[in-house]
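Inside the fold
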Amino acid sequence: MILCDSKAGANAWCVRIFLAEKGIDMEMQQLDLEAGENNAVDYLRRNPMGKMSLLELDNATYIAESIAIYRYLEALYPTPLLFANYAKQKGKNGMCLLCWSMSFIG
Ligand SMILES: N[C@@H](CCC(=O)N[C@@H](CS)C(=O)NCC(=O)O)C(=O)O
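Being a predicted model, the structure only gives us computed values, none of them experimental.

Here the focus is unusual backbone geometry. If a residue is not glycine, its phi is most likely negative; likewise, a peptide bond is most likely trans. In this model, Met-52 is joined to Ser-53 through a cis peptide bond whose omega is 5°. Residue Pro-80 follows Thr-79 across a cis peptide bond; omega there is -5°. With respect to the helices and strands, Pro-80 occurs in the loop between helix 3 (66–76) and helix 4 (87–102). Positive phi outside glycine occurs at Glu-65, with the angle close to 75°. The residue Glu-65 is located in the loop between strand 4 (62–64) and helix 3 in this model.

Let us look at the pairing of strand 2 (residues 27–30). As paired elements, strand 1 (residues 2–5) and strand 2 share 4 bridges and run parallel to each other. The residue bridging Ile-2 from the neighbouring strand is Glu-27, located in strand 2. After leaving strand 1, the chain enters helix 1 (residues 10–22) and then returns to the sheet as strand 2, a path that is right-handed.

Attention now goes to the nonpolar core. Leu-3, Cys-4, Ala-12, Val-15, Leu-19, Leu-31, Met-52, Leu-54, Leu-55, Ile-69 and Leu-73 form the largest nonpolar core, which has 11 residues in total. Among the secondary structure elements, those contributing two or more residues to this core are strand 1, helix 1, strand 3 (54–56) and helix 3. In this structure Ala-12 touches Asp-5, Ser-6, Met-52 and Ser-53, once residues within four positions along its chain are discounted.

Here we take up the site of the ligand. In the vicinity of the ligand there are 14 residues, among which Gly-9, Asn-11, Lys-51, Met-52 and Ser-66 approach most closely. It is helix 1 that contributes the most residues to the shell around the ligand, 3 residues altogether. Tallied by class, the residues present in the shell around the ligand amount to 5 nonpolar, 7 polar and 2 charged.

The next subject is the confidence of the model for the chain. Residues at a pLDDT of 70 or more form 97% of the chain, whose mean pLDDT is 93. Mean pLDDT values for the elements of the chain range from 87 in helix 4 up to 98 in strand 3.

Here helix 1 is 13 residues long and its end C-alpha atoms lie 18 Å apart, about the 18 Å a rise of 1.5 Å per residue gives. Ala-12, Val-15 and Leu-19 are the residues of helix 1 that are buried. Projected onto a plane normal to the axis of helix 1, the buried residues spread over an arc of 55° and lie on a single side. Projecting away from the buried face of helix 1 at angles above 90 degrees are the exposed residues Ala-10, Ile-17, Ala-20 and Glu-21. Gly-23 occupies a position one or two residues after helix 1 and carries a positive phi of about 75°.

Attention now goes to the sheet that holds strand 3. One open sheet holds the 4 strands; their spatial order is 2-1-3-4, and the pairing between them is mixed. Looking along the sheet, the strands with just one partner apiece sit at the ends: strand 2 and strand 4. Adjacent strand axes in the sheet meet at a mean angle of 20° when their direction is disregarded.

Criteria and thresholds
Residues numbered from 1 in each chain as written. Predicted model: local features only at pLDDT ≥ 70, side-chain atom pairs only at ≥ 80, totals over all residues. Helix = DSSP H or I, 4+ residues; strand = E, 2+ residues; numbered from the N terminus. Pairing = 2+ DSSP bridges. Right-handed = clockwise from strand over helix to strand, strands pointing away. Core = buried A, V, L, I, M, F, W, Y, C linked by C-beta atoms within 7 Å. Buried ≥ 20, exposed ≤ 12 C-beta atoms within 10 Å, placed from the backbone. Contact = placed C-beta atoms within 7 Å. Near = placed C-beta within 6 Å. Nonpolar A, V, L, I, M, F, W, Y, C, P; charged D, E, K, R; others polar. pLDDT = per-residue confidence, 0-100. Expected span 1.5 Å × (residues − 1). Arc of directions from axis to C-beta. Axes fitted to C-alpha atoms, helices over the stretch in contact; angles between N-to-C directions.

Now the structure itself:
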């Protein structure tokens, strides 16, 4: 599993914090957003949205969008649990994640 990462963006930064909280040591591929490496054909082939971060699974499956990456990693590495496992708190977590994510749009 490889995380395509950039030091230049808040979303990618949050994914790195999530990994640290989970204690996950993952191979990273750094991309230079200033140089437009996220718009290079090789990257767009893996993530047509051209955004960071991107998780590349061992079987050449790709997961884009930080919230999707959090959810995948939470399912794969449930300890420590970073999202709630009961209904009310799951709903509130989902709301916060979506509101936070949408605040970066525009
Ligand atoms: N909703 C996306 C946003 C991803 C995003 O905007 N990433 C920034 C870096 S943190 C990016 O790739 N910017 C480059 C660009 O927009 O060209 C997520 O949560 O992963």
